[in-house]
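Spelled out from the first residue to the last, the chains are:
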Amino acid sequence: MFECIARCGCPKVVSFDHDLGAEAPSGYDIVKRLVEMDLDGDLQLPDGFEFHVHSMNPVGAENIRTLLSNYMDSKRAQSSSGE
């Protein structure tokens with residue numbers, strides 16, 4: 001998945017689930033990796049990036065929302081301050 005995103009870019013809208021199966025990373029793990037890739041310059045989250053969380057796991061869903069909301073707020077603040 002990350003290879004595809006690195007090659008084709010990140011979609012403008014993503015809907016995340018937390019629990020992806022016993023052998024799979026969680027949706028939170030995927031979000032952490034997307035943020036790391038954006039910070040490292042390995043990908044760029046597109047302008048106007050939107051996300052939704054459709055998980056039935058309330059704690060996992062909130063963790064995804066909090067991480068991405070805080071990161072996107074920080075990114076917007078940096079771009080508006082000219083950094």
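Residues numbered from 1 in each chain as written. Predicted model: local features only at pLDDT ≥ 70, side-chain atom pairs only at ≥ 80, totals over all residues. Heavy atoms only, no water.

> I'm lost on the overall build of the protein in this one. Help?
Within the protein, the secondary structure is distributed over three helices and two strands. When its helices and strands are written in sequence order, the protein yields α-β-α-β-α. Against the globule reference of 12 Å for 83 residues, the protein gives a C-alpha radius of gyration of 13 Å, in line with a compact fold. Out of the 83 residues belonging to the protein, those deemed buried represent 33%. Considering only contacts within the protein whose residues lie at least 6 apart along the sequence, 73% involve residues at least 24 apart. Carbon and sulfur atoms make up 52% of the accessible area of the protein, which amounts to about 5,400 Å² in all. With 7 positive and 14 negative side-chain charges, the protein shows a spacing of 4 Å between the two charge centroids. (Helix = DSSP H or I, 4+ residues; strand = E, 2+ residues; numbered from the N terminus. Rg over C-alpha atoms; globule rule 2.2 N^0.38 Å. Buried < 20%, exposed > 50% of the residue type's maximum accessible area, 1.4 Å probe, protein only. Contact = heavy atoms within 4.5 Å. Areas by Shrake-Rupley, 256 points an atom, 1.4 Å probe, with all protein chains shown as cover. Lys, Arg positive; Asp, Glu negative; His and termini not counted. Charge placed at Lys NZ, Arg CZ, Asp CG, Glu CD.)

> Help me understand the side chain of Ser-55, please; the structure alone is not making it clear to me.
With respect to the secondary-structure elements, Ser-55 resides in the loop between strand 2 (50-53) and helix 3 (58-80). You can call Ser-55 buried: its relative accessible area is 12%. At 3.2 Å, the side chain of Ser-55 forms a polar contact with the side chain of Asp-17. Here the side chain of Ser-55 touches Asn-57 through a polar contact of 3.0 Å, landing on its backbone nitrogen. Not counting residues within four places of it along the chain, the set of residues in contact with Ser-55 comprises Phe-16, Asp-17, His-18, Asp-19 and Ala-61. (Polar contact = N/O pair within 3.5 Å; in protein donor to acceptor, adjacent residues only side chain to side chain.)

> Hey, could you run me through the pairing of strand 1 (residues 13-16) in this one?
Within a regular strand, the side chains alternate between the two sheet faces. The alternating pattern of strand 1 places Val-14 and Phe-16 on a buried face, while none of Val-13 and Ser-15, on the opposite face, is buried. When strand 1 meets strand 2, the two strands line up parallel, connected through four bridges. Bridge pairing in strand 2 links Val-14 to Phe-51. Considered for its hand, the β-α-β crossover made up of strand 1, helix 2 (residues 27-40) and strand 2 is right-handed. (Pairing = 2+ DSSP bridges. Right-handed = clockwise from strand over helix to strand, strands pointing away.)

> Help me out: how do you make sense of the packing of helix 2 against helix 3 in this one?
Between two packed helices, both the angle of their axes relative to each other and the distance between the axes serve to describe the pair. At their nearest, the axes of helix 2 and helix 3 sit 9 Å apart, and the two run at 15° to each other. Considering their axes alone, helix 2 and helix 3 lie roughly parallel with respect to each other. For the pair helix 2 and helix 3, the crossing hand works out as left-handed. Residue-level contacts link Gly-27, Tyr-28, Val-31, Lys-32, Val-35, Asp-38 and Leu-39 of helix 2 to Asn-63, Ile-64, Leu-67, Leu-68, Tyr-71 and Lys-75 of helix 3. Looking at the contact of helix 2 with helix 3 residue by residue, the class counts come to eight nonpolar, two polar and three charged. (Axes fitted to C-alpha atoms, helices over the stretch in contact; angles between N-to-C directions. Parallel < 35°, antiparallel > 145°, perpendicular 65-115°, else oblique. Left-handed = near helix turned anticlockwise from the far one by under 90°. Nonpolar A, V, L, I, M, F, W, Y, C, P; charged D, E, K, R; others polar.)

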